[in-house]
Amino acid sequence: MSETLRYALIILFCSAVGLVAVLANRLTERVKVPVALLVLVGAAVAVKVMPEIQPPAERTVERLLTVALVLVLFDGGMHIGQKRFREAVAPILSVGVIGTFLTAAGATLMLHYACGIDWYPAVLVATAVAPTDPAVVFSVLGKREIAGRSSTILEGESGANDPVGISLMTSLIAAGGFTAAGFAGVGTQFALQMLVGAAVGLLGGRALLVFMRRVALPSEGLYPLRTLACCLMLYGIATLAHGSGFLAVFAAGIVIGDARAPFHPEIKRFHGALAGLAEIVAFAVLGLTVDLRVLAHPDVWIPGVALGVALTVLIRPVAVGASLIGVDLRRNERAFILFAGLKGAVPILLGEFLRAAHIADAERLYGIVVVVVIYSVLVQATAVPGVAQLLRLPMRTVETQPWAVGVRLADEPDGVHRFSVASGSFADGCSVAGLGDRVGDIWVSIVVRTTGLVPVRGDTEFQPGDEVVVLADPELHGTLAELFGAG
């Protein structure tokens, strides 16, 4: 076979795998198994049954996963946005930082005393499995709308604790063991990475927002490419400055997430598609590194399953519960957060760091991490809807809306407000004319209901969940928000 035909065969195989992964999302709606697990297991089986497929080099895996995680975190930050982040900033930071450290400490004790693993490798494995994974969390929760702040806290935690876990793992590996000087170095390096990463992300996000608003481009397709280039640039700047590039891109995504900017919906859709592709690539690459023979050893899968169960029913509830002390949450929201600590690509990436560092018995330790992730994705992720229902936590699946109605304007419109009618609000059951009598000079231009567009007349009554576009003086935004909101 010629080189051209061989390359065409590789492209055909990769495109077929990508198409199957995309279509698998339809299957997962029925079998309730996240597509990430199907891709991971499928890649691991492919390596086993097809000798022609070789696992990629460790450095290649690390680089591919780094880029994939950057894309997922940036999209996750944009999905949260400034408004949602401000509403839950205290629990997000508490769970994302303190909860991660407490989870790692609890897992270390379990691995050492219950599994007989020495202290240093136990700390490394515990650090690998402590963070939740944004790809899995955003994938599981992204299509579901959960009442209250639990969804925002879980998504924010998964974005915040990955930089924490990665920085902690790299610092521990660099320390090379347990010494007083090593621990001091770990603490200093960790604090530096967090501070620099947060600063670069916040300042870079602000600069990017100004760039998006003030510098026009000749083509609509260039706007998403600009944010992509700036996202990768922020990662590089933060990393070169000895900060956490992952935290930088997550923070930058939050800054621009719900800000007003030209072609903002198109930019978000572009990065959402990139994050979906990154998730598929990440789990496919990780699956190629998994040796099923290693996972089958009792000294790998038994500690892995035991650790996965312990994280679910004991370690995470205690650690995260302690970090949420003093946070005002309803009991069912708190219980849901304690349960839904989903693992995924990030723990396996940290396990790959461990293996690349040639730690003693690295293959076994890496296998334990993989088993924990498989357990979490297979058991926890599939149980999320059922647990939410058991806790009587309102959760609904957000249906896709493939059709849009709108107009293009050369300049940013002034006085355009968009609201969602909250149940029990003043607008709930109020007519368009009644709203005008209450507020004054306004114009309700569009009302969108689940059934479609609603003709707007004076006697048209709003219903909970209606999306309403109002033309009014910009100073009336606060008043209108109160009338449409649940408060």
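Keep in mind that this is a model prediction, so the values were computed, not measured.

Asks: Is there a simple way to think about the confidence of the model for the chain in this case?
Replies: Atomic detail in the predicted coordinates should be set aside for any region of low pLDDT. Looking at the chain, the pLDDT average stands at 85 and 89% of residues meet or exceed 70. The least confident element of the chain is helix H6 (residues 134-141), whose mean pLDDT is 60; the most confident is helix H9 (residues 222-240), at 95.

Asks: Before we go on, may I ask you to explain helix H2 (residues 35-49) in this structure?
Replies: In an α-helix, one turn spans 3.6 residues; hence positions three or four apart end up facing the same way. For H2, with 15 residues, the first-to-last C-alpha span of 21 Å sits near the 21 Å given by 1.5 Å per residue. Three or more residues of H2 are buried, namely Val35, Ala36, Leu37, Val39, Leu40, Ala43, Ala44, Ala46 and Val47.

Asks: I'm lost on the nonpolar core in this one. Help?
Replies: For soluble globular proteins, nonpolar side chains are generally found buried alongside one another. In terms of nonpolar packing, the biggest core is built from 115 residues, with Phe74, Val125, Ile256, Leu286, Leu307 and Phe336 touching the most fellow members. In terms of residues, this core owes the most to one element, helix H16 (residues 362-390), which gives 14 residues. With sequence-adjacent residues up to four places away left out, leucine 307 is seen in contact with Ala107, Met110, Leu111, Val125, Val129, Ile315 and Val372. Counting residues in each nonpolar core, the second largest holds 18 residues, with Phe419, Cys430, Leu435 and Leu483 among its members.

Asks: Help me out: how do you make sense of the side chain of threonine 108 in this one?
Replies: Tracing the backbone through its elements, the reader meets threonine 108 in helix H4 (residues 89-115). A distance of 2.7 Å separates a polar side-chain atom of threonine 108 from the backbone oxygen of alanine 104. Discounting residues that sit within four places of it in the chain, threonine 108 has contacts with Trp119, Ala122, Val123 and Ala126.

Asks: Explanation requested: the sheet that holds strand S4 (residues 442-449) in the structure shown.
Replies: Strand-to-strand pairing in sheets goes through backbone hydrogen bonds, with the strands running parallel or antiparallel. Spatially, 4 strands are ordered S3-S6-S4-S5 in an open sheet, and the strand pairing comes out antiparallel. Edge positions in the sheet fall to strand S3 (416-420) and strand S5 (452-453), since each has one partner strand and no second. The pairing of S3 with strand S6 (residues 467-472) spans 5 bridges and is classified as antiparallel. Counterpart to arginine 418 in the pairing with S6 is valine 469.

What counts and what doesn't
- Residues numbered from 1 in each chain as written.
- Predicted model: local features only at pLDDT ≥ 70, side-chain atom pairs only at ≥ 80, totals over all residues.
- Heavy atoms only, no water.
- pLDDT = per-residue confidence, 0-100.
- Helix = DSSP H or I, 4+ residues; strand = E, 2+ residues; numbered from the N terminus.
- Expected span 1.5 Å × (residues − 1).
- Buried < 20%, exposed > 50% of the residue type's maximum accessible area, 1.4 Å probe, protein only.
- Core = buried A, V, L, I, M, F, W, Y, C linked by side-chain atoms within 4.5 Å.
- Contact = heavy atoms within 4.5 Å.
- Polar contact = N/O pair within 3.5 Å; in protein donor to acceptor, adjacent residues only side chain to side chain.
- Pairing = 2+ DSSP bridges.

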